[in-house]
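Chain by chain, the residues:
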Amino acid sequence: MPINVLGLDELSELLTHQSARTAKRWLLSCAAPAAEVVIEAGSQNAPVAPADTRGEHPAGMLKASLDYQTRFDKPQQGEDTRLVVKIGLRNDGASMWYGSLQEFGARSRQGVHWLGRAWESCKDQCLFVFTDKAQAIVDKFSDK
């Protein structure tokens, strides 16, 4: 689900006067704590499977498998570089399969949408954390 954060014109202006490496590092410093908010909400909302009797799939594996990845998309003509943050399950086999079944369901099973509900419960806090970190960067460097 793409989320576009608008209204950070001061940060955008500040970043254009920095090296690409510095600008990306600052954006990542805003995105990491915001992603952690979503991961925490997902951990609290994750369904817990009974432990596998062989010990291969422990109870609570979805909580431990939540993670985020970041990447910067190269801009198309007339666009700015975009930071993409993907939050979800690590692709480690069993937790991805089980988590997908729990989220989306299957032919004979209704999905519980645990990660979608986690996002809905914390999206305002996530965006607040991101913009708060961004404003701190602007304040820090606008005084210089």
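Refer to the structure above for everything that follows.
So, here is what we can say about the structure in this document. Remember, predicted model here, so these are calculated numbers, not experimental data.

### Some words on the state of the cysteines
Evaluated as defined, the whole model comprises 0 disulfides. Between Cys 126, a cysteine without a disulfide, and Cys 122, which holds the nearest cysteine sulfur, the sulfur-to-sulfur distance is 6.0 Å.

### Topic: the pattern of salt bridges
The tally for this structure, following the rule as stated, stands at 4 salt bridges. Asp 67 is the partner of Arg 90 in a salt bridge, and the nearest nitrogen-oxygen pair spans 3.5 Å. Of this pair, Arg 90 sits in the loop between strand 2 (82-89) and helix 4 (94-104) while Asp 67 sits in strand 1 (residues 66-73), placing them 23 residues apart in sequence. Judged by relative accessible area, Arg 90 falls into the partly exposed class, the value being 39%. Residue class for Asp 67 comes out partly exposed when judged on its relative accessible area of 30%. Linking Arg 82 and Asp 73 is a salt bridge whose minimum nitrogen-to-oxygen distance equals 2.8 Å.

### Digging into the packing of helix 1 (residues 9-16) against helix 2 (residues 20-45)
Closest axis-to-axis distance for the helix 1/helix 2 pair is 9 Å, and the angle between their directions is 150°. Taken as axis vectors, helix 1 and helix 2 run roughly antiparallel relative to one another. Taken together, the residues of helix 2 that come into contact with helix 1 (itself represented by Leu 11, Leu 14 and Leu 15) are Ala 23, Trp 26 and Leu 27. Residues of the contact of helix 1 with helix 2, tallied by class, amount to 6 nonpolar, no polar and no charged.

Rules behind the numbers
Residues numbered from 1 in each chain as written. Predicted model: local features only at pLDDT ≥ 70, side-chain atom pairs only at ≥ 80, totals over all residues. Heavy atoms only, no water. Disulfide = S-S within 2.5 Å. Salt bridge = Lys/Arg side-chain N within 4 Å of Asp/Glu carboxyl O. Helix = DSSP H or I, 4+ residues; strand = E, 2+ residues; numbered from the N terminus. Buried < 20%, exposed > 50% of the residue type's maximum accessible area, 1.4 Å probe, protein only. Axes fitted to C-alpha atoms, helices over the stretch in contact; angles between N-to-C directions. Parallel < 35°, antiparallel > 145°, perpendicular 65-115°, else oblique. Contact = heavy atoms within 4.5 Å. Nonpolar A, V, L, I, M, F, W, Y, C, P; charged D, E, K, R; others polar.

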